[in-house]
Amino acid sequence: MIKLGVNVDHVATLREARGIAIPDPVFAAAQAEINGADLITVHRRLDQRHIHDRDVEILKQTLKTPLNLEMAVNQQLIEKAVDWKPEKVTLVPENRQEITTEGGLDLCGAVEKIKQVTAVLQKSGIEVAAFIDPDKQQIEAAAAIGVEGVELHTGDYAETAVGTEQRAAALRRLENAAEAADRLELEVYAGHGLNYHNVVEVAMIPRVIELNIGHAIIARAVSVGIGEATHQMKKLIVEADRLTCVE
Ligand code: PXP
């Protein structure tokens, strides 16, 4: 069954707006978890702009579901990850000024370096994924590096207007990338910009086994609460999964 990873970074962003202890992303993660989240995702940025070390440490101690730690390829963070031992690390690009992660990680330009980092993480029992654009060369590089899976960047798809040829093409790119990754025995995840309106199409892409969703769930939670927002998203992807199985 397709898994839902709830990204709670945006709760931490709200906390940082006041520089005090609330709202707590750890509490939000627990609420998401008891309402159907299959894993919790956080991005520990280099400047701890939203998620802090303290959050990762408490999440690791308290979560019942796996922790997916997104992070840049950075020596200091790799040492921390080896210490924290999240179930999964997703390697992402990081640009200090960006509002959110822009584009996938370019694996082709740094195969040897990322191979070394991946080996260090895997040696301490952590699964490794790379967040990449749905591009054949990136997928081949991911297989050469030896990561367990790839998270396909759905931003292009999510940002194009509904009903346009560009949107259909972006969806096809994701479908083709999922197939290519699967052929190379990589697990396939997807995320970025997914919301209550566009998630079903992505959840129905064959071979996608996990979706990581943040902003849309936290935005909805402002109106209905984290639990209900998680539950509504989970219901959509479970239904998409059921429809795909029937076909
Ligand atoms: N996956 C990755 C690798 C990301 O960097 C992000 C954004 O932090 C997400 C998923 C979630 O994106 P969104 O907040 O748009 O749902």
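Below, the structure is looked at part by part. (Residues numbered from 1 in each chain as written. Predicted model: local features only at pLDDT ≥ 70, side-chain atom pairs only at ≥ 80, totals over all residues. Heavy atoms only, no water.)

## A look at the site of the ligand
Next, step 1: The local shell around the ligand holds 14 residues, among which Thr101, Glu151, Gly193, Gly214 and His215 are the closest.
Next, step 2: Between the ligand and Gly214, the relevant distance is 2.8 Å, taken from an oxygen atom to a main-chain nitrogen or oxygen of the residue.
Next, step 3: Separating an oxygen atom of the ligand from a backbone N or O atom of His215 is a distance of 2.9 Å.
Next, step 4: Classifying every residue of the shell around the ligand gives 3 nonpolar, 9 polar and 2 charged. (Near = heavy atom within 4 Å. Polar contact = N/O pair within 3.5 Å; in protein donor to acceptor, adjacent residues only side chain to side chain. Nonpolar A, V, L, I, M, F, W, Y, C, P; charged D, E, K, R; others polar.)

## Some thoughts on the sheet that holds strand S2 (residues 39-43)
Next, step 1: Judged by pairing direction, the barrel is parallel, and its 8 strands sit side by side in the order S1-S2-S3-S4-S5-S6-S7-S8 before closing back on the first. Going across the sheet, the axis of each strand differs from the next one's by a mean of 25°, ignoring polarity.
Next, step 2: In the sheet, strand S3 (residues 67-71) pairs with strand S4 (residues 88-91) via 4 bridges, with the strands oriented parallel. Residue pairing across strands places Asn68 opposite Lys88, the latter belonging to S4.
Next, step 3: Set on the sheet, helix H5 (residues 111-123) makes contact with S4 and strand S5 (127-132); between it and S4 the angle comes to about 165°. (Pairing = 2+ DSSP bridges. Helix = DSSP H or I, 4+ residues; strand = E, 2+ residues; numbered from the N terminus. Axes fitted to C-alpha atoms, helices over the stretch in contact; angles between N-to-C directions. Contact = heavy atoms within 4.5 Å.)

## What about the environment of Asn195?
Next, step 1: Inspection of the secondary structure assignment puts Asn195 in the loop between strand S7 (187-191) and helix H9 (199-203).
Next, step 2: Residues Asn195 and Gly214, 19 residues apart in the sequence, show an inter-C-alpha distance of 8.8 Å.
Next, step 3: Excluding anything up to four places from it in sequence, Asn195 contacts Ala216 and Met233.
Next, step 4: A distance of 2.8 Å separates a polar atom in the side chain of Asn195 from the backbone nitrogen of His197.

## Digging into the packing of aromatic side chains
Next, step 1: Tallying each qualifying case throughout the model produces 0 aromatic pairs.
Next, step 2: Here the basic side chain of Arg167 rests over the ring of Tyr157, its NZ or CZ set 4.4 Å away from the ring centre.
Next, step 3: Between Arg220 and the ring centre of Tyr196, over which it is positioned, the NZ or CZ distance is 3.7 Å. (Phe/Tyr/Trp six-rings, centres within 6.5 Å; stacked < 30°, edge-to-face > 60°. Lys NZ or Arg CZ within 6 Å of the ring centre and 35° of its normal.)

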